[in-house]
Amino acid sequence: TKNTMVTTNIIFDHHGKARTNKDLVQLEIRITVDRQSYYIPTGIKITKKQWSVNRIENRPDADALNERLAVIAHAAYDEVTACIKQGREIVASEIRQKIFDVQKPVENFLDWVNAQINILDVRAGTRKHYITLSKRLDQWGKMQTWRDVTVANIYAFDSWLHGLRKRPSNVEEATNAVMPLLSDAAVHNYHKCLRYLLGRAERFGKIAANPYNSLRGEFKHGEKENTEYLTEQEMQALESIHPLAGTQMALARDLFVFQMYTGLSFSDAQAFDISLYHKEGDVWTYNGERIKT
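Given the structure is predicted, the values throughout are model-derived calculations rather than measurements. (Residues numbered from 1 in each chain as written. Predicted model: local features only at pLDDT ≥ 70, side-chain atom pairs only at ≥ 80, totals over all residues. Heavy atoms only, no water.)

**So, the pattern of salt bridges**
The criterion, for reference: A carboxyl oxygen of Asp or Glu within 4 Å of a side-chain nitrogen of Lys or Arg is what we treat as a salt bridge. Any residue under 20% of the maximum accessible area for its type is buried, any over 50% is exposed, and the rest in between are partly exposed; the area is computed with a 1.4 Å probe on protein chains only.
Evaluation of the coordinates by the stated rule reveals 3 salt bridges. The partner of R59 in a salt bridge is D61, with the nearest N and O atoms 2.6 Å apart. By relative accessible area, R59 is classed as partly exposed at 24%. Accessibility expressed as a relative area gives 8% for D61, which makes it buried.

**Re the sheet that holds strand β3 (residues 36-46)**
Rules: Here, any two strands with at least 2 DSSP bridges between them count as paired. Counting from the N terminus, the helices are the DSSP runs of H or I reaching at least four residues and the strands are the DSSP runs of E reaching at least two. Fitted lines through C-alpha atoms serve as axes, helices being fitted only where they are in contact, and the angles separating the N-to-C directions of these axes extend from 0 to 180 degrees. For this analysis, residues touch if any pair of their heavy atoms sits within 4.5 Å.
The strand order β1-β2-β3 describes an open sheet built from 3 strands, whose pairing is antiparallel. Both outer strands of the open sheet, β1 (6-12) and β3, are each paired with one neighbouring strand and no more. Strand-to-strand twist of the sheet, defined as the mean angle between neighbouring strand axes without regard to direction, takes the value 20°. Each of β1, β2 (25-33) and β3 touches helix α1 (residues 62-86); the most contacted strand, β2, lies at about 30° to it.

**Digging into the nonpolar core**
Defined as follows: Nonpolar core, defined: a set of buried Ala, Val, Leu, Ile, Met, Phe, Trp, Tyr and Cys residues in which side-chain atoms within 4.5 Å join the residues together.
Ranked by internal contacts, the top residues of the largest apolar core, which has 29 residues, are F109, L133, L137, L194 and L198. Listing elements by their share of this core, those giving two or more residues are α3 (109-119), α4 (124-140), α5 (151-162) and α7 (184-203). Ranked by residue count, the leading element in this core is α7, at 7 residues. Counting 27 residues, the second-largest nonpolar core is a separate cluster that includes I40, I44, I46 and I95.

**A few points about the pairing of β2**
With respect to burial, β2 is a largely interior element, 7 of its 9 residues being buried. Pairing analysis gives 7 bridges linking β1 to β2, with the strands arranged antiparallel. If you follow I11 over to β2, its bridge partner there is E28. Here β2 pairs with β3 via 8 bridges, running antiparallel. From the neighbouring strand, R30 faces β3, where its bridge partner is Y39. Counting the residues between successive antiparallel strands, the hairpin from β2 to β3 contains 2 residues, one of them, D34, with a positive phi of roughly 55°.

**What about the packing of α4 against α5?**
Helices that pack against each other are described as a pair by the angle of their axes relative to one another and the distance between those axes. Selection rule: Oblique is the label for any angle not under 35 degrees, not over 145, and not in the 65 to 115 range, which are roughly parallel, roughly antiparallel and roughly perpendicular in turn.
The interhelical angle for the contact between α4 and α5, taken along N-to-C directions, is 100°, at an axis separation of 11 Å. Considering the angle they form, α4 stands roughly perpendicular to α5. Here L133, R136, L137, Q139 and W140 of α4 come into contact with α5, specifically with N153, A156, F157 and W160.

**Regarding unusual backbone geometry**
Residue D13 is not a glycine yet carries a positive backbone phi of 55°. In this fold, D13 is placed in the loop between β1 and β2. Residue classification places D13 among the buried positions, given a relative accessible area of 15%. Despite not being glycine, N58 has its phi angle at roughly 60°, a positive value. Structurally, the position occupied by N58 is in the loop between β5 (55-56) and α1.

Just distances and angles here, no functional claims.
Dropping the structure here:
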């Protein structure tokens, strides 16, 4: 009716089941219509220490769970309001069913991953990492649906990645019968991308929890491979090259020498703008952010 009052609250342990700080209790959405209350289980269980002032705290996935709770609470409120406007009976179990039916994920996990990659707010180079991850998942073939998104399969994917060989980067490697394995750093990057995507899936209610939440400390970056560097003699040899002025080779040589002495990455050198710098004595300085952190 026109004067019907509806309120929504997130309730912890309204049955008084949490007798110790370790007892897990399911959070509920309480919908109050005038003086009548309806309780809708959320499927999220926490302990007494993890609940503070209507928010989940003291756990690594707190932000994601709070965001998920907000989505469920708003959906419950909208359903109750629709029942009132349409003169339908309010049945908590039916409302809960309808809420989670709406949030039911699409069956194909990889389709969702590819759709997300297209809308991620990242640089082109970073997007390539996600695209490569998608190709690896498709190549592996054991994480096609949402039911396949499990801790066990993440371990299996890690083992499979560690068994992959690097693609040849030059003719010498291409003719070599034994290629080196992917480095720990390369495998870690796949996990980094997958962890982020599954975090988004959790926030959007596609999965109950990100499997990586229980895998903290696993899949470490590993030691970086030794990087070859130029000696002073090699730098001087490059500087002594004098291609024909105005040619692409001359520009490439100047750019490379510039990077040798400034330490700028290729992307930062491409974005270089002298107007952003100011001169202090014989030194040009610029206080800003790098494109790559």
